[in-house]
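# Observations on the model geometry
Each chain, letter by letter, is given below.
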Amino acid sequence: MKKKLGAVMTIAAVCCLSVFFCTGCEMSDFTALFVGDETASSGDPDEETGSKSVELPEYVTGQAVEIEEYDATTLVELSEYKGVEVDCTVTDDEVQAEIDTLLDEHKKQVKSGTAENGMSVNIDYSGKLDGKKFDGGTAEDVTIKLGKSGMIPGFDDGIIGMKVGEKKDVELTFPEDYHAEELAGKKAVFTMKLNYIEEEPTFDDAFVKKNTDYKTVAEYKDAKKKELFEDKKTTVPSQALQTVLGESKVSSVPPTLLLAEKEMMRSQTLNQVAQYGMTLEDMLEQSGQTEEDFEKYLEMQAQQMAESELILEAIGIKENVDTSKEAVDAYTNEMIEKNDTSLEEVKESYKNFYGDAMPFERYIKESLLYTKVTEIVGDAAKIIQN
């Protein structure tokens, strides 16, 4: 019932370089070790990075790509990666959000009274068009704030003035630009019931003392500010690294590396789609995209991933990060023991999800490199707190 279109699954889900150390798990259970830039533009990669684009050859998904030899230090112009500033300032709004959450947890259900503008109320509603219910027009046990619900015009007004327990019909007209064309500009009748009014407690010293481990509002705010600051500090390494990845420049990407990244992402995307019980054709139809759009998406994301990989490698070389077979094996064994699995299970899961385009051993090596470089950049980062 919200006017703006709800979230739908699209092609542009940002790819992650991650290692599956949990056989049979869902995508959310992967141990994420390398994350792409979620704010990257969908425009031409050349315009975003200044690097040269490579025309990808014909390729059959599922075959291994033999990645050529190259020297990352000759392909990358590194930005200053030590002393990167990361702002960990905690704002008043962030502290207020913590307070609001606490108050929400202690709201009372008032089973009497009249709904007024600005109140939070719990309702049931059922909409009918020409006497028939329509998709998305019925819901129960929904809490909204009158005047700020985001529902279609007139919806909140229909509830204002109702008494708790009251039920009534309200005729409303959908906006002409409503996202569902079959409803745009149409009149519908909504049967509404006011279940209860939510009463928010007063945030004062008495409330804090009764419902928290603190005695005063000032003490609670100070403690929350410190907690939020500590939480932000845990993200410093990844934030600092993202800054370095964004500011460093890559002159060119080895074509075979780009190809391996693209085909790896193809396998990942198709597996994610399959988890929703869909095919690529289903996804393209729902998102209004074409196969050509999908290929462009893969190429764009592969470019970003390959460039990030090169930057990590350049830093690793400069910092003498040990990525020898012995170091990679030790890292792999550590992850295997931590997640109580086996190397065979990890390899099988990796192949099933990511395919054969990029060799498993290289993938683990890059994951180790990401971990070590993140530590280096994070340890040297400068934390800003205003």
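These notes cover the structure that comes with them.

Each value, and the rule that gives it
- Residues numbered from 1 in each chain as written.
- Predicted model: local features only at pLDDT ≥ 70, side-chain atom pairs only at ≥ 80, totals over all residues.
- Heavy atoms only, no water.
- Axes fitted to C-alpha atoms, helices over the stretch in contact; angles between N-to-C directions.
- Helix = DSSP H or I, 4+ residues; strand = E, 2+ residues; numbered from the N terminus.
- Left-handed = near helix turned anticlockwise from the far one by under 90°.
- Contact = heavy atoms within 4.5 Å.
- Nonpolar A, V, L, I, M, F, W, Y, C, P; charged D, E, K, R; others polar.
- Buried < 20%, exposed > 50% of the residue type's maximum accessible area, 1.4 Å probe, protein only.
- Pairing = 2+ DSSP bridges.
- Expected span 1.5 Å × (residues − 1).
- Arc of directions from axis to C-beta.

## A few points about the packing of helix α10 (residues 291-318) against helix α13 (residues 360-379)
Contact geometry for α10 and α13: axes closest at 10 Å, N-to-C directions at 65 degrees. Note on packing geometry: the crossing formed by α10 with α13 is left-handed. Listed contacts from α13 to E309, L312, E313, I315 and G316 of α10 are R362, E366, L369, Y370 and V373. Tallied by class, residues from the contact of α10 with α13 come to 5 nonpolar, 1 polar and 4 charged.

## Overview of the pairing of strand β6 (residues 120-129)
Across the 10 residues of β6, 9 count as buried, placing the element largely inside the fold. By the bridge criterion, 8 bridges tie β6 to strand β7 (residues 132-145) in an arrangement that is antiparallel. Each bridged residue has a counterpart across the sheet, and for L129 the counterpart in β7 is K132. Counting the residues between successive antiparallel strands, the hairpin from β6 to β7 contains 2 residues, one of them, D130, with a positive phi of roughly 55 degrees. In this structure, β6 lies alongside strand β9 (residues 187-199), joined through 9 bridges in antiparallel fashion. Considered in β9, the bridge of S126 is made with T191.

## Overview of helix α12 (residues 343-354)
Compared with an ideal rise of 1.5 Å per residue, which puts 12 residues at 16 Å, α12 spans 16 Å between its outermost C-alpha atoms and is within 8% of the ideal. All of the buried residues along α12 are V346, S349, Y350, F353 and Y354. Projected down its long axis, α12 shows its buried positions confined to an angular sector of 100 degrees, all on one face. For α12, exposure combined with an orientation more than 90 degrees from the buried face picks out E344, E348 and N352. A positive backbone phi angle near 80 degrees is found at G355, which sits one or two residues after α12.

Purely spatial values, then, with no claim about function.
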